[in-house]
Amino acid sequence: MKAAATKTWHRLARRFGGDGNPLRRRSDVLEGWLVPVAVALFVVLCPVAVIVTGLWVGSHNAAAQRAQAAAHPVRAVLRQSAAGPEYQDHGANTWVVWTPARWTVDGHAQSGPVPAEAGMLAGSTMTVWVNRAGRVVPPALTVGQVRTEVAAYTLPILGALGILLAAATCLARTVLDRRRLARWESAWLSIGPQWSRLS
């Protein structure tokens with residue numbers, strides 16, 4: 001067990017340039033650190049992405065809550081059925097579909113899309129919040145919906161971050177390989193003629 005641990009340690013030290021090999025170039029050491037640095041950056045940036053996305057969704061939801069607080073409720077009648085089946089998770093999560101409806105504000109008829117629960121039939125009535133102009137104010141998200149929204153935005157961001165770091169690692173490796181080949185070619189051009197004269 002101890003021998004295996006020692007062997008692993010020596011392999012890691014050799015990979016990251018800690019074995020004291022005088023023939024190891026700086027480009028070899030840098031290449032050995034590329035993947036660990038990319039992984040460390042991904043691990044560090046994951047919670048940052050989640051926090052920033054949560055703050056962004058929260059600020060938009062707070063704006064929706066303020067707009068809803070300044071609005072007043074009216075009864076709207078759906079002009080057509082809301083597309084899709086009812087989709088609920090014990091009442092905590094509802095599939096909301098913007099569906100054409102009509103309502104009245106101060107005796108004036110209004111129409112437009114309203115956020116209806118999927119599966120509601122045409123002719124159904126529901127409460128919507130409208131502003132002073134009589135236009136529908138989007139409802140604020142519930143806690144569960146905020147979490148779903150954060151996850152929906154965070155997952156693509158983390159995927160893009162992973163792809164970006166992988167691409168950056170591949171690009172850095174390509175640059176190091178080209179630089180290494182250029183140095184090898186330069187060394188060969190300076191040493192090769194000396195070998196030719198000796199032969």
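Read on for a plain summary of the structure. Note that the structure is predicted; figures quoted are calculated from it, not measured.

Attention now goes to the nonpolar core. Across soluble globular proteins, nonpolar side chains show a tendency to be buried alongside one another. L78, W103, V114, M126, V128 and V130 are the most contacted members of the largest nonpolar core, which totals 16 residues. Among the secondary structure elements, those contributing two or more residues to this core are β1 (72-78), β2 (96-105), β3 (108-117) and β4 (125-130). Excluding anything up to four places from it in sequence, V128 contacts H72, P73, V74, A76 and V114.

Below, the discussion takes up the environment of S111. Residue position: S111 is located in strand β3. Overall, S111 belongs to the partly exposed group, its relative accessible area being 37%. Considering only alpha carbons, one finds S111 and P100, 11 residues apart in sequence, at a separation of 7.2 Å. Apart from residues no more than four positions distant in its own chain, S111 is found in contact with R79, A101, R102, W103 and R135.

Our focus in this paragraph is the sheet that holds β2. The strands that make up a sheet pair up through hydrogen bonds in the backbone, lying either parallel or antiparallel. As summarised here, the arrangement of the 4 strands in space is β3-β2-β1-β4, forming an open sheet in which the pairing is antiparallel. Since the sheet does not close on itself, it has two edges, and those belong to β3 and β4, each with one partner. Geometrically, the sheet is characterised by an average inter-axis angle of 45 degrees between neighbouring strands, direction not taken into account. The sheet contact formed by β2 and β3 spans 10 bridges and is antiparallel. Each residue of the ladder has a partner; that of V105, found in β3, is H108.

Scoring rules and cut-offs
- Residues numbered from 1 in each chain as written.
- Predicted model: local features only at pLDDT ≥ 70, side-chain atom pairs only at ≥ 80, totals over all residues.
- Heavy atoms only, no water.
- Core = buried A, V, L, I, M, F, W, Y, C linked by side-chain atoms within 4.5 Å.
- Buried < 20%, exposed > 50% of the residue type's maximum accessible area, 1.4 Å probe, protein only.
- Helix = DSSP H or I, 4+ residues; strand = E, 2+ residues; numbered from the N terminus.
- Contact = heavy atoms within 4.5 Å.
- Pairing = 2+ DSSP bridges.
- Axes fitted to C-alpha atoms, helices over the stretch in contact; angles between N-to-C directions.

Take it as geometry only, folks, not as evidence of what the structure does.
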